[in-house]
Amino acid sequence: MGQYWTIFNIDKGICIGSLGKYGEFFPGGGEAASIVRLLSSSGVNFPEDPLDGQPYKNAEKLEPSQTGLCDLPCELQNAIFSHLSDPVDVVAFCLTASHFWRIGLSHFKALYMEHVGDCQDWRGDRLICMGDYAADCPEGLLTDTEFETMKEEYCYDYDFEARDISRLLDYHSRSLSTVRWPSYDFSERCTLKDWNPLAHPPKMRPTVTNPILAAHLAKLFKDEEPENDLPQWLPRYKYDFYAWLRLPQASSSYDPKKPCVLRNLSKKVYVRDSALALTTDGGSSVYHMSFGSLVLSRIAWSTDSGMAMAYSESHNMHRGIWAGDRFDIVNIDAVEDDDGWTDVSATARKELSEIWESVFGNHWEDRVRKKRL
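Teacher, can you tell me more about the packing of helix α2 (residues 30-39) against helix α13 (residues 291-298) here?
Working note: a packed helix pair is described by the angle between its axes plus the distance between those axes. The contact between α2 and α13 brings their axes to 7 Å, and the two run at 105°. The angle between α2 and α13 places the two elements in the roughly perpendicular class. Listed contacts from α13 to E31, A32, I35, V36 and L39 of α2 are F291, G292, S293, V295 and L296. The class makeup of the residues in the contact of α2 with α13 is seven nonpolar, two polar and one charged.

Pasting the structure below:
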């Protein structure tokens, strides 16, 4: 049947699971792209003024005079926001008047950090891709205290055996797929202008959960014609609504216009992006020779060699030489002036090329350049 694999972030207690067999998910490139994004994220930026430069089509229609809530003392207005625990509720309240767009931003930020926090930033965290047949873990992956604490909590529900190490990590991790921000489902499936309420199931439509706020919105927009079964207030302001939910902008740890490197912070080695560079005839880069693919190929860990990949059978990929290490992606000047770093780019490129050759056969690079894979 074969073993199934999960990527664990030990420090944050987050995992990317349900990957299936290694030889099935690795060639797809999706997880490799995720690794690059997670290792190059340096947090989230919010605009100082949510009105500045944002596509709020109805700004001139939302004046403070439309609602008496704007006349309340700031302390009471902030108190109202503090009782809204759902980001959709906060955004809906912000859209009742431009006055609230500005004072609501701090509450919006707080909810974002509560829902997402630093879960999208994996720089410097211990990473391992573990097979569910693993009966041990790399030396030093867990401190004695971490291991004993994890095992003690695990044993409240299960009996622990050595072969349960993958289950132990999974027990103490939450899936990255559950760390989501409202409207992501919309942004993944369509653009704002193409969004069709009828094309998406009801569970994907934003709903105001606070009953007092819902009543206020219904009164405020009582003259609006409802669009299908959406809330009355949404059709008129749906573009503004989604623009608000998209205010958090991920920032990168490096300038993509300059040369960058993948650093293994645990081993003080790095790989240059130029060493892995491979492009198609059209000039677009390909995921095969990427930092993400390299990391995944070196952090695999199991006591069972089954990986559904020919290369692993003769090179022990299941005992990854970087399993449990810490990484980040930065511009090359971060290592150029530091004698403590070693360039392992040549070895990394050779190894990754051999892996893809075992998957796609001889001359695979030429075929990639012609987009024939």
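Continuing now.
Looking at this model, I keep getting lost on the sheet that holds strand β10 (residues 327-331). Mind explaining?
The sheet built from four strands is open, its strands ordered β10-β7-β8-β11 with mixed pairing. A single partner strand is all that each edge strand has here, and the edge strands are β10 and β11 (342-343).

Help me out: how do you make sense of the sheet that holds strand β1 (residues 5-9) in this one?
Sheet strands pair via backbone hydrogen bonds, and the direction of the pair is either parallel or antiparallel. An order of β5-β2-β1-β4-β9 is seen for the five strands of this open sheet, with the pairing classed as mixed. Two strands close off the open sheet at either side, each with one partner strand: β5 (174-175) and β9 (300-301). Judged from the three bridges that link them, β1 and strand β2 (residues 14-16) form a sheet pairing that is antiparallel. In the strand pairing of β2, N9 is matched with I14.

I'm lost on the packing of helix α4 (residues 87-94) against helix α6 (residues 105-115) in this one. Help?
Running from N to C, α4 and α6 point in directions that differ by 165°, and their axes come no closer than 10 Å. Between α4 and α6, the crossing angle belongs to the class labelled roughly antiparallel. Note on packing geometry: the crossing formed by α4 with α6 is left-handed. Along the contact surface, α4 presents P87, V90 and V91, while α6 presents F108, L111 and H115. When its residues are assigned to classes, the contact of α4 with α6 shows five nonpolar, one polar and no charged.

What should I look at first to understand the pattern of salt bridges in this one?
Two side chains that carry opposite charge are able to pair once their charged atoms sit near each other. In the structure shown here, the tally under the stated rule is twelve salt bridges. With its nearest N and O atoms 2.6 Å apart, the salt bridge here joins D125 to K12. In this pair, D125 sits in the loop between α6 and β4 (127-131) while K12 sits in the loop between β1 and β2, placing the two residues 113 residues apart along the sequence. Taking relative accessible area as the criterion, D125 reaches 7% and is therefore assigned buried. Note on K12: relative accessible area 24%, which makes it partly exposed. Through salt bridges with shared partners, a single ionic network connects D11, R126, E146 and R326.

Mind showing me how you'd approach α13 here?
In an α-helix, one turn spans 3.6 residues; hence positions three or four apart end up facing the same way. Summarising burial for α13: eight of the eight residues are buried, a large majority. By the burial criterion, the buried members of α13 are F291, G292, S293, L294, V295, L296, S297 and R298.

Looking at this structure, I do not really get a negative patch on the surface. What am I missing?
Together, D333, E336, D337, D338 and D339 make up a region of like negative charge exposed at the surface. Looking at the secondary structure, you find D333 in helix α15 (residues 333-336).

Mind showing me how you'd approach the nonpolar core here?
With 45 residues, the main nonpolar core has Y22, L39, W122 and L262 as its most contacted residues. Core analysis: the second largest hydrophobic core is formed by 17 residues, C70, C94, W101 and L105 among them.

Would you take a moment to explain unusual backbone geometry for this structure?
Residues apart from glycine generally show negative phi values, whereas peptide bonds are mostly found in trans. With phi around 55°, K268 is a residue other than glycine that occupies positive phi space. Among the structural elements, K268 can be located in the loop between β7 (260-264) and β8 (269-272).

Hey, could you run me through helix α16 (residues 345-360) in this one?
Between the first and last C-alpha of α16 there are 22 Å, a value that for 16 residues agrees with the 22 Å anticipated at 1.5 Å per step. Within the sequence span of α16, burial applies to S345, A348, E351, L352, S353, I355 and W356. The elements touched by buried residues of α16 are β8, α12 (273-276), α13, α14 (310-315), β11 and α17 (364-369). A positive phi of about 90° marks G361, the residue just after α16.

Explain the pairing of β1 here, please?
A regular strand places its side chains so that they alternate between the two faces of the sheet. By the criterion of burial, β1 is predominantly enclosed, with five of the five residues buried. Here β1 shows no split at all, with W5, I7 and N9 on one side and T6 and F8 on the other all buried. The sheet contact formed by β1 and β4 spans five bridges and is antiparallel. Counterpart to T6 in the pairing with β4 is M130.

Any chance you could explain the side chain of N331 here in plain terms?
Along the chain, the position of N331 falls in strand β10. Within the local environment of N331, its side chain forms a polar contact with the backbone nitrogen of D255, the two atoms lying 2.8 Å apart. Look past the residues within four positions of N331 in its chain and what remains in contact with it is Y254, D255, K258, P259, C260 and V261.

What is the right way to read the environment of Y270 from this model?
Of note, Y270 is situated in strand β8. Between the C-alpha atoms of Y270 and W341, which are 71 residues apart in sequence, the distance is 7.0 Å. Sequence-distant contacts of Y270, defined by excluding residues within four places in its chain, comprise V261, L262, R263, V335, W341, T342, D343, V344 and S345.

Honestly, the environment of C74 in this entry has me stumped. Any pointers?
If you trace the backbone, C74 turns up in helix α3 (residues 74-82). Using a relative accessible area of 47% as the deciding quantity, one classes C74 as partly exposed. When the C-alpha atoms of C74 and I103 are compared, they prove to be 8.7 Å apart, with 29 residues separating the residues in sequence.

Definitions and limits used
- Residues numbered from 1 in each chain as written.
- Predicted model: local features only at pLDDT ≥ 70, side-chain atom pairs only at ≥ 80, totals over all residues.
- Heavy atoms only, no water.
- Axes fitted to C-alpha atoms, helices over the stretch in contact; angles between N-to-C directions.
- Helix = DSSP H or I, 4+ residues; strand = E, 2+ residues; numbered from the N terminus.
- Parallel < 35°, antiparallel > 145°, perpendicular 65-115°, else oblique.
- Contact = heavy atoms within 4.5 Å.
- Nonpolar A, V, L, I, M, F, W, Y, C, P; charged D, E, K, R; others polar.
- Pairing = 2+ DSSP bridges.
- Left-handed = near helix turned anticlockwise from the far one by under 90°.
- Salt bridge = Lys/Arg side-chain N within 4 Å of Asp/Glu carboxyl O.
- Buried < 20%, exposed > 50% of the residue type's maximum accessible area, 1.4 Å probe, protein only.
- Patch = residues over 30% accessible without salt bridge, like charges linked within 9 Å, V, L, I, M, F, W, Y side chains within 5 Å.
- Areas by Shrake-Rupley, 256 points an atom, 1.4 Å probe, with all protein chains shown as cover.
- Lys, Arg positive; Asp, Glu negative; His and termini not counted.
- Charge placed at Lys NZ, Arg CZ, Asp CG, Glu CD.
- Core = buried A, V, L, I, M, F, W, Y, C linked by side-chain atoms within 4.5 Å.
- Expected span 1.5 Å × (residues − 1).
- Polar contact = N/O pair within 3.5 Å; in protein donor to acceptor, adjacent residues only side chain to side chain.

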